[in-house]
Each structure stands twice: as structure tokens, then as C-alpha cells.
Amino acid sequence: MWTAETVLALAITRRMDGDVPGARALLDESRPLYQKLGDPFGLALTDLEGGHLARQEGDIPTAARLYAAALRNFAEIGANLGIVEALEWLAATAADQGAAVPALRLFGAAESARRALGLPLPAASDAPVLERHARRAADAASAEAAAATAAGQALTLEQARVEALDLARHLA
């Protein structure tokens with residue numbers, strides 16, 4: 001297990017350093033290790049990280065597909081923090097594609113879930129990126145922004161998960 005986690009951690013470090021090819025190689029190495037271990041959490045993490053890499057490469061359909069896979073996998077094992085993170089990244093991806101209202105609904109749902117479940121705020125490295133995408137979505141849907149965010153905050157985590165998976169299908 002430590003090998004899989006170490007390889008994934010190195011992939012994340014490489015991605016954050018801007019070495020996308022190096023990160024991709026390490027991520028591709030970590031996935032079969034998690035499969036061999038039968039570790040669904042590790043597999044969900046590789047999907048989430050794969051989504052990040054696809055976004056950096058500008059491959060929105062693949063990013064949406066991988067974030068949706070991470071969302072499904074985190075939901076299957078009841079990993080609420082992973083569910084919320086996948087919602088946030090699907091929202092950011094939707095905002096990038098001009099789907100402002102669905103993005104705001106998911107950002108609202110994620111914010112509400114973090115508060116209700118006592119989950120920590122996004123990682124310091126993720127927070128500015130997610131905030132920028134949320135602002136972009138709010139600016140694009142200024143008249144509808146507050147209503148969309150409030151509607152998202154009223155969603156249960158399960159309702160948000162279903163909505164996010166539907167959105168991912170449209171983005172992919």
C-alpha cells in the first residue's frame with residue numbers, strides 16, 4: 001500500500017510543479033498498484049488526480065469523465081470529503097465551459113456539505129483555483145448567481161451527486 005500511496009503522492013507533486021508528463025507517468029503507475037490492492041479509495045484518488053491532469057492538458061471531456069468516476073467511487077465507499085472535492089472540481093470544469101448556473105449549484109452544494117458535515121475547507125493549493133472558477137461562474141450568471149448558489153445549498157449530498165453526474169455526461 002505504501003508504494004501505491006508514494007507513487008500517487010509523487011504524481012501529485014509533479015503535477016503541482018508543472019511536470020504534467022511526469023505526473024501522468026506516475027499516475028499511470030499508481031493505478032494498477034491500487035487495483036492489485038483492491039483499494040477503492042486509492043482508485044478514486046487516481047480518478048480525481050487524473051481529472052486534474054486532464055484539465056491542465058485542456059481535455060475537458062476526459063476531466064469530466066474522471067471527476068464523475070471519482071464521484072461515483074467516493075460515494076460507493078461513503079467518503080464524503082472525496083464526494084465534495086469531486087463536486088467542486090466538476091463545478092470548476094463546468095464554469096470553464098460556460099455552464100455557470102450548474103457550476104454555481106454544485107459549488108453551493110459543496111459549500112453546504114462542507115459546513116453540514118464539518119469537513120475542512122479546500123486544500124490551500126486548491127482554494128484559489130476553486131474560488132476563481134466560482135467567481136467566474138457568478139459573473140457569467142450575475143442575475144441568477146444568488147438563486148443558483150442558494151438552490152445548490154439546499155441540495156442534499158446525494159441530490160448534488162446525481163446532478164453532478166448528469167452534468168459530467170454533458171461535459172464529456
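Note: the structure precedes this text.
Quick notes on the rules
Residue numbers restart at each chain and count upward from 1, following the sequence in its written direction. Local features in this predicted model are restricted to residues of pLDDT 70 or higher, and side-chain atom pairs are both shown and tallied only at a pLDDT of 80 or more, whereas totals for entire chains, interfaces and linings draw on every residue. By convention in this description, side-chain values take in all heavy atoms of the structure and omit both hydrogens and water. Put simply, DSSP H or I for four residues or longer makes a helix, DSSP E for two residues or longer makes a strand, and each gets a number counted from the N terminus. For every residue, the accessible area obtained with a 1.4 Å probe (protein chains only) is divided by the maximum for its type, and the residue is called buried under 20%, exposed over 50%, and partly exposed between those limits. In this description, contact between two residues means that some pair of their heavy atoms is separated by no more than 4.5 Å. How far a helix is expected to stretch is found by multiplying one less than its residue total by 1.5 Å. Convention adopted: a line fitted to C-alpha atoms gives each axis, helices being fitted over their contacting stretch, and angles between N-to-C directions are expressed from 0 to 180 degrees. Orientation is classified from the angle alone, with under 35 degrees giving roughly parallel, over 145 giving roughly antiparallel, 65 to 115 giving roughly perpendicular, and any other angle giving oblique. The handedness criterion is simple: a crossing whose near helix is rotated anticlockwise from the far helix by less than a right angle is left-handed, and one whose near helix is rotated clockwise is right-handed. We define a salt bridge as a side-chain nitrogen of Lys or Arg found within 4 Å of a carboxyl oxygen belonging to Asp or Glu. Polar here means any residue outside two lists: the nonpolar Ala, Val, Leu, Ile, Met, Phe, Trp, Tyr, Cys and Pro, and the charged Asp, Glu, Lys and Arg; Gly therefore counts as polar. When the centres of two rings from Phe, Tyr and Trp lie within 6.5 Å, Trp using its six-membered ring, the rings pair. Their planes under 30 degrees apart give stacked, over 60 give edge-to-face, and anything left gives tilted.

Asks: How do you make sense of the side chain of Arg-161 when you look at a structure like this?
Replies: As for its placement among the helices and strands, Arg-161 is situated in helix α9 (residues 157-171). Among the residues examined, Arg-161 registers a relative accessible area of 18% and is labelled buried. Leave out the neighbours within four places in its chain, and Arg-161 touches Leu-71, Ala-75 and Leu-87.

Asks: So what exactly am I meant to see when it comes to helix α5 (residues 80-96) here?
Replies: One turn of the α-helix equals 3.6 residues, which is why residues spaced by three or four share an orientation. Taking 1.5 Å of rise per residue, 17 residues should cover 24 Å, and α5 covers 24 Å from first to last C-alpha, within 8% of that figure. Taken across its 17 residues, α5 has 13 buried, putting it largely inside the fold. Just downstream of α5, Gly-98 is the residue with a positive phi angle, here 85°.

Asks: In this structure, what is going on with the packing of helix α2 (residues 20-37) against helix α3 (residues 40-56)? I would like to understand it.
Replies: Relative orientation and spacing of two packed helices are given, respectively, by the angle between their axes and the distance between those axes. Between α2 and α3, whose axes approach to 10 Å, the crossing angle comes to 160°. In this view, α2 runs roughly antiparallel relative to α3, as classed from their interaxial angle. As for how α2 packs across α3, the hand of that crossing is left-handed. Here α2 contributes Val-20, Ala-23, Arg-24, Leu-27, Ser-30, Arg-31, Tyr-34 and Gln-35 to the contact with α3, which in turn contributes Gly-42, Leu-43, Thr-46, Asp-47, Glu-49, Gly-50, Leu-53, Ala-54 and Gln-56.

Asks: Even after reading the chapter, I still don't get the pattern of salt bridges, so can you show me in this structure?
Replies: Close approach of charged atoms lets side chains of opposite charge pair. Scanning the model with the defined rule gives 10 salt bridges in all. The salt bridge partner of Glu-111 is Arg-115, with a shortest N-O separation of 3.4 Å. A residue pair is termed a helical-turn pair when its members lie 3 or 4 positions apart in one helix, as Glu-111 and Arg-115 do in helix α6 (residues 100-117) at 4 residues. Judged by relative accessible area, which is 38%, Glu-111 ranks as partly exposed.

Asks: Help me understand the side chain of Thr-93, please; the structure alone is not making it clear to me.
Replies: Relative to the elements of secondary structure, Thr-93 occurs in helix α5. When sequence neighbours within four positions are dropped, the list of residues in contact with Thr-93 reads Arg-55, Ile-60, Tyr-67 and Leu-171.

Asks: Even after reading the chapter, I still don't get the packing of helix α4 (residues 60-77) against α9, so can you show me in this structure?
Replies: Running from N to C, α4 and α9 cross one another at 155°; their axes reach a closest spacing of 8 Å. Viewed along their axes, α4 and α9 adopt a mutual orientation that is roughly antiparallel. Classified by chirality, the crossing of α9 by α4 is left-handed. Every residue of α9 that contacts α4 at Ile-60, Pro-61, Ala-64, Ala-68, Leu-71, Arg-72 and Ala-75 is listed here: Arg-161, Ala-164, Leu-165, Ala-168 and Leu-171. When the residues that make up the contact of α4 with α9 are grouped by side-chain class, the tally is 10 nonpolar, no polar and 2 charged.

Asks: Would you mind going over the packing of aromatic side chains with me for this structure?
Replies: What describes a pair of aromatic rings is the distance from one ring centre to the other and the angle between the planes of the rings. Scanning the model with the defined rule gives 2 aromatic pairs in all. When the centroid spacing of 6.4 Å and the interplanar angle of 25° are considered together, the rings of Tyr-67 and Trp-89 count as stacked. Taken together, the residues Tyr-67 in helix α4 and Trp-89 in helix α5 connect sequence positions 22 residues apart. An identical accessibility class is assigned to Tyr-67 and Trp-89; each is buried.

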